[in-house]
Protein chains: 2
Amino acid sequence: MRTAQHAQLALLLEVAGTPKPGNVDRRRDFDDLRFEHFLTGAVGACDGLEAAAAGEPVGESFDTAVAGMSQQRGGNAQFGALLLLVPLVRAATTWGLTPEEASATVEATTVDDAAGFYRAFEHVDVFVEEPPPEAEDLDVRRGADAIPALRDRELTLYDVMELSAPEDGVAAEWTNDFRRTFAAAETVRDGDGPVPDRVAEAFIELLAREPDTMVAKQHGPAVAESVRERAAMLRHAARDEREAFADELVERGVNPGTMADITAAATFVALERDGVVP
Amino acid sequence: MRTAQHAQLALLLEVAGTPKPGNVDRRRDFDDLRFEHFLTGAVGACDGLEAAAAGEPVGESFDTAVAGMSQQRGGNAQFGALLLLVPLVRAATTWGLTPEEASATVEATTVDDAAGFYRAFEHVDVFVEEPPPEAEDLDVRRGADAIPALRDRELTLYDVMELSAPEDGVAAEWTNDFRRTFAAAETVRDGDGPVPDRVAEAFIELLAREPDTMVAKQHGPAVAESVRERAAMLRHAARDEREAFADELVERGVNPGTMADITAAATFVALERDGVVP
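As a convention, each chain's residues are numbered from 1 in the sequence order in which they are written. Starting at A for chains and at 1 for ligands, labels are handed out in the order in which the entities are written. At least 70 in pLDDT is required for a residue's local features to be given in this predicted model, at least 80 for side-chain atom pairs to be given and counted, and no such filter applies to totals for whole chains, interfaces and linings, which use all residues. Note that the side-chain values use all heavy atoms of the structure and ignore hydrogens as well as water.

> I would appreciate a short explanation of the overall build of chain A in the present structure.
Per the secondary structure count, chain A includes 16 helices and zero strands. At 17 Å, chain A has a C-alpha radius of gyration in line with the 19 Å of a compact globule built from 278 residues. With respect to the principal axes defined by its C-alpha atoms, chain A has extents near 55 × 40 × 35 Å. Only protein chains enter the calculation, and the probe is 1.4 Å; a residue is then buried if its accessible area is under 20% of its type maximum, exposed if over 50%, and partly exposed in between. Scored against the burial criterion, the 278 residues of chain A give a buried share of 58%. Residues count as neighbours in contact if any of their non-hydrogen atoms are within 4.5 Å of one another. Considering only residue pairs separated by 6 or more positions, chain A has 69% of its internal contacts joining residues 24 or more positions apart. Per-residue accessibility takes into account occlusion by the displayed protein chains alone, with areas from the Shrake-Rupley method and a 1.4 Å probe. For chain A, the accessible area works out to roughly 10,400 Å², and carbon and sulfur atoms hold 46% of it. Helix and strand definitions follow DSSP, with helices as H or I runs of at least four residues and strands as E runs of at least two, each counted in order from the N terminus. We compute the radius of gyration from the C-alpha atoms alone; for a globule the expected value is 2.2 Å times N to the 0.38, where N is the number of residues.

> Even after reading the chapter, I still don't get the state of the cysteines, so can you show me in this structure?
When two cysteine sulfur atoms are found within 2.5 Å, that pair is recorded as a disulfide. This model, assessed by the stated rule, comprises zero disulfides over all chains. Unpaired in terms of disulfides, Cys 46 of chain A finds its nearest cysteine sulfur in Cys 46 of chain B, a separation of 6.6 Å. Given the relative accessible area of 12%, Cys 46 of chain A is considered buried.

> How should I be thinking about helix H4 (residues 58–69) of chain B in this particular structure?
Given 3.6 residues per helical turn, the α-helix brings residues three or four places apart onto the same face. All names here are of chain B. Expected helix span is taken as 1.5 Å per residue step, with the number of steps being one fewer than the number of residues. Between its first and last C-alpha atoms H4 spans 16 Å; for 12 residues at 1.5 Å apiece the expected length is 16 Å, and the two agree. The buried fraction of H4 amounts to nine of the 12 residues, a majority that puts the element mostly inside the structure. For H4, the complete set of buried residues consists of Val 58, Gly 59, Ser 61, Phe 62, Asp 63, Ala 65, Val 66, Gly 68 and Met 69.

> So what exactly am I meant to see when it comes to the pattern of salt bridges here?
For side chains of opposite charge, pairing can occur when their charged atoms come near one another. In the sections that follow, a salt bridge refers to a side-chain nitrogen of Lys or Arg positioned within 4 Å of a carboxyl oxygen of Asp or Glu. Counted under the stated rule, the structure contains 56 salt bridges over all chains. The closest approach of N and O atoms between Glu 248 of chain A and Arg 230 of chain A, which form a salt bridge, is 3.0 Å. Here the residue Glu 248 of chain A occupies a position in helix H15 (residues 239–252), and Arg 230 of chain A occupies one in helix H14 (residues 221–234), the gap between them amounting to 18 residues. Between Arg 28 of chain B and Asp 247 of chain B there is a salt bridge whose closest N-O contact spans 2.7 Å. On the criterion of sequence distance, the pair formed by Arg 28 of chain B in the loop between helix H1 (3–16) and helix H2 (35–44) and Asp 247 of chain B in helix H15 (residues 239–252) is long-range, its members being 219 residues apart.

> What is the right way to look at the nonpolar core in this model?
Looking at soluble globular proteins, one finds that nonpolar side chains tend to be buried together. Counting 185 residues, the largest nonpolar core has Phe 117 of chain A together with Phe 117 of chain B as its most contacted members. Look past the residues within four positions of Phe 117 of chain A in its chain and what remains in contact with it is Gly 59, Phe 62, Phe 79, Leu 83, Val 140, Leu 157, Val 160 and Met 161 of chain A. Here, nonpolar core refers to any group of buried Ala, Val, Leu, Ile, Met, Phe, Trp, Tyr and Cys residues whose side-chain atoms link them within 4.5 Å.

> Got a minute to help me understand the interface of chain A and chain B in this structure?
By a frequent convention, interface size equals the accessible area lost on bringing the separate parts together. At the interface, 31 residues of chain A touch 31 residues of chain B. Take the accessible area each of two parts loses on contact, using a 1.4 Å probe, and add the two losses: that sum is the buried area. Summed over both sides, the interface between chain A and chain B buries roughly 2,700 Å², with carbon and sulfur atoms accounting for 57% of that surface. It is Met 1, Arg 26 and Val 43 of chain A in chain A that bury the most area against chain B; as a group they hold 25% of the surface buried on that side. Viewed at the interface, chain B and chain A are joined by four salt bridges.

> In this structure, what is going on with the relation of the copies chain A and chain B? I would like to understand it.
Look at the two chain copies: a rotation about an axis and a shift along it is all it takes to match them. The superposition of copies rests on a least-squares fit of C-alpha positions from residues with pLDDT of 70 or more in both. Superposition of chain A onto chain B requires a rotation of 180 degrees combined with a translation of 0.0 Å along the rotation axis, giving an RMSD of 0.0 Å. Taken together, the rotation and translation describe the operation of a two-fold axis. Minimal C-alpha distance to the rotation axis in chain A is attained by Arg 26 of chain A, lying at 3.2 Å.

> Explain the packing of helix H5 (residues 79–93) of chain A against helix H6 (residues 99–107) of chain A here, please?
Think of two packed helices as two axes; the pair is described by the angle between the axes and how far apart they sit. All names here are of chain A. Contact pair H5 / H6: the axes reach a minimum separation of 9 Å and the direction vectors enclose 115 degrees. Considered as vectors, H5 and H6 are oriented roughly perpendicular to each other. Judged by the twist between their axes, the crossing of H5 over H6 is right-handed. Only Glu 101, Ala 102, Thr 105 and Val 106 of H6 make contact with H5, whose side of the interface consists of Pro 87, Leu 88, Arg 90 and Ala 91. In terms of residue class, the contact of H5 with H6 is built from five nonpolar, one polar and two charged. Only C-alpha atoms enter the line fits that serve as axes; for helices the fit covers just the stretch in contact. Angles between N-to-C directions range over 0 to 180 degrees. Orientation categories follow fixed angle ranges, with anything under 35 degrees roughly parallel, anything over 145 roughly antiparallel, 65 to 115 roughly perpendicular, and all other angles oblique. The handedness criterion is simple: a crossing whose near helix is rotated anticlockwise from the far helix by less than a right angle is left-handed, and one whose near helix is rotated clockwise is right-handed. Under the scheme applied, nonpolar residues are Ala, Val, Leu, Ile, Met, Phe, Trp, Tyr, Cys and Pro; charged residues are Asp, Glu, Lys and Arg; polar residues are all the others, including Gly.

> Would you take a moment to explain the environment of Gly 44 of chain A for this structure?
The topology assignment puts Gly 44 of chain A in helix H2 (residues 35–44). Through-space distance from the C-alpha of Gly 44 of chain A to that of Met 69 of chain A is 4.6 Å; in sequence the pair is 25 residues apart. Excluding residues within four positions of it along the chain, Gly 44 of chain A makes contact with Gly 68, Met 69 and Gln 71 of chain A together with Met 1 and Gln 5 of chain B.

> Can you help me understand the environment of Pro 194 of chain B in this one?
Along the chain, Pro 194 of chain B falls in the loop between helix H11 (179–190) and helix H12 (195–209). A sequence separation of 83 residues divides Pro 194 of chain B from Val 277 of chain B, and the C-alpha atoms of the two residues are 9.8 Å apart. Excluding residues within four positions of it along the chain, Pro 194 of chain B makes contact with Arg 34 and Glu 36 of chain A.

> Mind showing me how you'd approach the side chain of His 37 of chain A here?
Looking at the secondary structure, you find His 37 of chain A in helix H2. Apart from the residues within four sequence positions on either side, His 37 of chain A is in contact with Asp 32, Gln 72, Arg 73, Gly 74 and Ala 77 of chain A together with Pro 278 of chain B.

> Sorry if this is basic, but what is going on with a negative patch on the surface here?
Like-charged residues are merged into a patch within 9 Å and nonpolar side chains (Val, Leu, Ile, Met, Phe, Trp, Tyr) within 5 Å, provided each residue has over 30% relative accessible area and no salt bridge. Residues counted as positive are Lys and Arg, residues counted as negative are Asp and Glu, and His and the chain ends are not counted. Charged groups are reduced to one reference atom each: NZ for lysine, CZ for arginine, CG for aspartic acid, CD for glutamic acid. A surface patch of negative charge is lined by Glu 100, Glu 107, Glu 162 and Asp 177 of chain A. Of note, Asp 177 of chain A is situated in the loop between helix H10 (169–175) and helix H11 (179–190).

> Explain the packing of H5 of chain A against helix H16 (residues 257–272) of chain A to me, please; I cannot follow it from the model alone.
All names here are of chain A. Where H5 meets H16, the closest approach of the two axes is 8 Å, and the angle between their N-to-C directions is 25 degrees. Between H5 and H16, the angle falls in the class roughly parallel. The element H5 and its partner H16 pack so that their crossing is right-handed. Here H5 contributes Gly 80, Ala 81, Leu 84, Leu 85, Leu 88, Val 89 and Ala 92 to the contact with H16, which in turn contributes Asp 261, Ile 262, Ala 264, Ala 265, Phe 268 and Glu 272.

Encoded structure:
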């Protein structure tokens, strides 16, 4: 399978993995964002993933991937996952799929890449917080209108991610050598059950280690920390306890989407680098 | 979305539709053939589907699609579905996605297309019956070794399908203007719930109308007819009765795979021709 196909398959295996508490999975839907929106998003994203594999710039490839992903009625299914997959695909087809090469790839991004990232926000509503007053001209909700400010400040996409990293776990992967992505890939690689079960295990491991930034943004840091603690207790729990926690989080509308994004990226690494085959 | 992407999405929506009694679906796996094998098969098939969309010959495109689909550990996930999708994709990108143009596409197949079809059997084990003694040299299990016999007899792929049509519901679609495919597409198009629910509904409708030929081959015509009767009763039944029937068929190992193949093809028509968007 080609690199871009592995990325597409990673998106599918991520949503198939169950239980993934608080996320859409094989057994759970949200009211408006359902399983089939993730299937459709994964199919739609393929041109952008192929572009990244062919060496097109990260920002432009991401914009294409998000435009394709958005061709369904559920809204934002895989924005964050694509923000990780696009540079990883690019790294895999150029220098190699290692933390070092992934870092080199994101550090080499340009102001044009940042412009592509901002354009991607025009295709889909993404949950974001109010920017601080001094960064209002860089509010991602402005989409392409923010591009002149990017150019004035000479901000690359890496710079933009660096600004977001303290509050955004996906951006933090860009600036920390994709540390959690590569660690979680080992869980997917080393498990011995069906691949979607190993994907769900990787998700629980991620959730147990650090608070999810999407939960923190939407519900505050105390909720994010309590979810982390529950996940830590579930690491060695029976499956039905995990299922109950998954149902509970979906009911409460608590969505650790950042960890799902990292799980998709980790699954890609397991498929592409480690030769995992479902 | 491009035509080949619609075909890929149709494969994904088919397996996501639940309950689809006797088949792998969002809630059910077989012991060896699991949900993730269908996800992987759909991703792997994309090069063959793209080839068909680009106007490559039907037999060669099918061979490529099956080779790609087989890159997973579950075995035959979507052989029959691809045998319907490849000519439909070809029709859609050349003359149009109508019963007439689909028929014209399959009637125009050649001996080389038949050779591609036989080669496809080398990638994956497909359940087939013993051929009659006079057709032993055309046994599909011979794979490419049967190609000289095809050439001697000057059999096109359409001719091969015509020979199989009496016992094989997928082949019968080739020779009957894709009648059931286009009828089932209306069920997918006209429903008002989530698309996978409409896909599952189309499956039940198909199963209720005619006995499934895969069930007939594996368990005899009486079982196939009894499954048809049960499906007919379930058309207006509550969901939990359908779920119970689905569990029962999986437990009994009764797999109406032909209707699942036609359901995937019907879903493609609904996406590509009718503009259905999940």
